Amino acid sequence: MEKWRCVICDYVYDPEVGDVDSGIAPGTKFEDIPDDWVCPICSVGKDQFEKMD
């Protein structure tokens, strides 16, 4: 699964881990996260994330 990095604070969303504190279960692809989800570190939206190589 692809990891995504916040361009503001460098938080990495790892789908294998999810974001349990925000209600995102492990195994959730970035594309399947609700559009109103925000970075747990700096609170920017999904549009501020880029796919990691």
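Note that the coordinates shown come from a computational prediction; the quantities given were computed from them, not determined experimentally.

1. Topic: the sheet that holds strand S3 (residues 49-51)
- Judged by pairing direction, the sheet is antiparallel, and its three strands sit side by side in the order S2-S1-S3 without closing on themselves. A strand with exactly one partner marks an edge of an open sheet, and here the two such strands are strand S2 (12-13) and S3.
- Relative to S2, strand S1 (residues 4-6) runs antiparallel, the two being bridged by two bridges. Residue pairing for S2: Arg-5 is matched across the bridge by Val-12.

2. A closer look at the UniProt feature "binding site: Fe cation" (unreviewed entry) in the protein
- UniProt marks Cys-6, Cys-9, Cys-39 and Cys-42 with the feature "binding site: Fe cation" (unreviewed entry), using the numbering shown here. For the annotated residues, spread through 37 residues, the largest C-alpha to C-alpha distance comes to 8.9 Å, consistent with a single compact locus.
- With respect to the element layout, Cys-6 can be found in strand S1.
- Cys-6 sits in the buried class, given a relative accessible area of 0%.
- With sequence-adjacent residues up to four places away left out, Cys-6 is seen in contact with Tyr-11, Cys-39, Cys-42, Val-44, Gln-48 and Phe-49.
- Relative to the helices and strands, Cys-42 resides in the loop between S2 and S3.

3. Structural notes on the packing of aromatic side chains
- Scanning the model with the defined rule gives seven aromatic pairs in all.
- Ring centres of Phe-30 and Trp-37 lie 6.2 Å apart, and the angle between their planes is 90 degrees; this geometry places the pair in the edge-to-face category.
- Judged by its relative accessible area of 5%, Trp-37 falls in the buried class.
- Here the aromatic rings of Trp-37 and Phe-49 are separated by 5.3 Å at their centres, their planes lie at 50 degrees, and the arrangement is tilted. Here the residue Trp-37 occupies a position in the loop between S2 and S3, and Phe-49 occupies one in strand S3, the gap between them amounting to twelve residues. Neither residue differs from the other here; Trp-37 and Phe-49 are each classed as buried.
- The side chain of Lys-46 reaches across the aromatic face of Phe-30, ending 5.1 Å from its centre.

The rules behind each value
Residues numbered from 1 in each chain as written. Predicted model: local features only at pLDDT ≥ 70, side-chain atom pairs only at ≥ 80, totals over all residues. Heavy atoms only, no water. Pairing = 2+ DSSP bridges. Helix = DSSP H or I, 4+ residues; strand = E, 2+ residues; numbered from the N terminus. UniProt positions renumbered as here; feature names shortened; annotations may be inferred. Buried < 20%, exposed > 50% of the residue type's maximum accessible area, 1.4 Å probe, protein only. Contact = heavy atoms within 4.5 Å. Phe/Tyr/Trp six-rings, centres within 6.5 Å; stacked < 30°, edge-to-face > 60°. Lys NZ or Arg CZ within 6 Å of the ring centre and 35° of its normal.

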